[in-house]
Amino acid sequence: MAITRRTSIRYLLACALILYILLVMLPVLVQPKLFTLGTAVLFTLSIVGGESWTSYVYRPWCYKYECCMDDWIPGNTTALALSLKEQLYGQHLVHKTIIAAIRGHLDNPEPPHPLVISFHGPTGTGKNYVSKIIAESMFREGLKSKYVHLRISTKHYPHRSDIKQYRKQIEHLISSKVADCQRQLFIFDEVENMPPGLLDSFRPFLDYQESIDGVDYRKSIFVFLSNIAAYAISNYTMNHYLDGNKREDIKLRDVEALIMKQAFNDKDTGMQHSRLLDSYLVSHFIPFLPLEIRHVRQCVNTELKARGFRQDEKITEAVIEELQFYGPSRDAEIFALKGCKNVVEKLNLVTYEKFGYTENMYRKKNDEL
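In this text the structure is predicted, and so the values were computed from the model without any measurement.

## As for the state of the cysteines
As used here, a disulfide is simply a covalent bond connecting the sulfur atoms of two cysteines.
Part 1: Under the definition given, this model contains three disulfides.
Part 2: Two residues, C68 and C181, share a disulfide whose sulfurs are 2.0 Å apart. One quick way to see it: the torsion about the S-S bond of C68 and C181 is about 65 degrees, and its sign makes the bridge right-handed. Note that C68 is positioned in the loop between α3 (51-58) and α4 (77-87) and C181 in the loop between α8 (163-180) and β3 (185-189), a separation of 113 residues in sequence.

## Focus: the layout of surface pockets
Part 1: Approximately 650 Å³ is the volume attributed to the largest pocket.
Part 2: Together, 24 residues line the largest pocket, and G124, G126, Y129, C340 and K341 are the ones closest to its centre.
Part 3: When residues of the lining of the largest pocket are traced back to their parent elements, those giving at least two are α6 (127-138), α13 (293-306) and α15 (343-354).
Part 4: No other element matches the four residues that α13 contributes to the lining of the largest pocket.
Part 5: Here the residues of the lining of the largest pocket sort into nine nonpolar, nine polar and six charged.

## Structural notes on the pattern of salt bridges
Where side chains of opposite charge bring their charged atoms close, a pairing between them can arise.
Part 1: One pass over the full model with this rule turns up seven salt bridges.
Part 2: One salt bridge in this structure joins E292 and R294, with 2.8 Å as the shortest N-O distance.
Part 3: Beyond isolated ion pairs, a larger network of salt bridges with shared partners links R247, E248, E292 and R294.

## Regarding empty space enclosed by the protein
Part 1: All chains considered together, the criterion is met by one cavity of 30 Å³ or more.
Part 2: Here the largest cavity defines a volume of roughly 40 Å³.
Part 3: Around the largest cavity, the lining residues are P114, P204, F205, D207, Q209, E210, S211, I212, Y217 and R218.
Part 4: Residue composition of the lining of the largest cavity, grouped by class: five nonpolar, two polar and three charged.

About the thresholds
- Residues numbered from 1 in each chain as written.
- Predicted model: local features only at pLDDT ≥ 70, side-chain atom pairs only at ≥ 80, totals over all residues.
- Heavy atoms only, no water.
- Disulfide = S-S within 2.5 Å.
- Helix = DSSP H or I, 4+ residues; strand = E, 2+ residues; numbered from the N terminus.
- 1 Å grid on protein atoms, 1.4 Å probe; cavity = no way out; pocket = protein on both sides within 12 Å on 5 of 7 lines; lining within 4 Å.
- Points joined across faces, edges and corners; volume = space filled by probe spheres on them.
- Nonpolar A, V, L, I, M, F, W, Y, C, P; charged D, E, K, R; others polar.
- Salt bridge = Lys/Arg side-chain N within 4 Å of Asp/Glu carboxyl O.

Laid out in structure tokens, this is it:
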């Protein structure tokens, strides 16, 4: 029985190889008539099995190696919405705007220009985290995808005197990558530390035009991250709280106006007097509001769960005590100074120093409970 099964598998593999040669190789080597027949068969199979089937026939290496096709670039906005709901806390404006913006951009076969979104807010509020979630929902390989490009200003563009060189680097990066595949994600972090004027290098690629030198940039996405307007966002949120209003009542249009004004006028920052702003090429300025104590508690509990720990109010509150908060008075310090940025480090400190648990010891104690 084993011999018969092995023989059948070999027979099927041989048939598949012969079919591949007939449909792909012979049309090129024999005569055009066969090409017409092969094309017709492939077209039929594409209807039955999907477009990706024929893509794999012509590019069999794409089974293993990342290619510019839907299987590798799914653009899964359902996964994006779920991840934001389960992993991002206290950012209702981010949830609403990101999902609508990316879904609308991906669903449009001919968007007017690339999607350009700019994240603003205090440290530890989730800007980098959301960028990671976007990459993971759009690309199978996430941040490791060859179609995702992360640049950090203090690392890649540190010197103002080298701005001409940086402009050439950015222009080459964008033009060469999009020429290879239109679905690209460019993430530029710490934009506030960019040499003033460097951001204008992006303008030709972000403008309302179908193509430049035969390359269509409209399906790409650009994400800018910065602390620009962080104080204005925090101050607006604080005043909103002092007026007795709900956090969820904060509207995007109100905070977005503050961001645009400060970003354009802030001295010695990457966005100062940028042509991207006065040309209205940034699709959305998205504020990340300062996190409250309740949101930081959620971060602690999520980290406990990620480590396989049970939720423990005693540990959660001990971590909260190690973090810094501010507010209108000492009796009302409700906002986290660093958001959730130091939660992992403080949790390590608390579980080991205050409770005497290493991670393995705590897992064992969980099993005993």
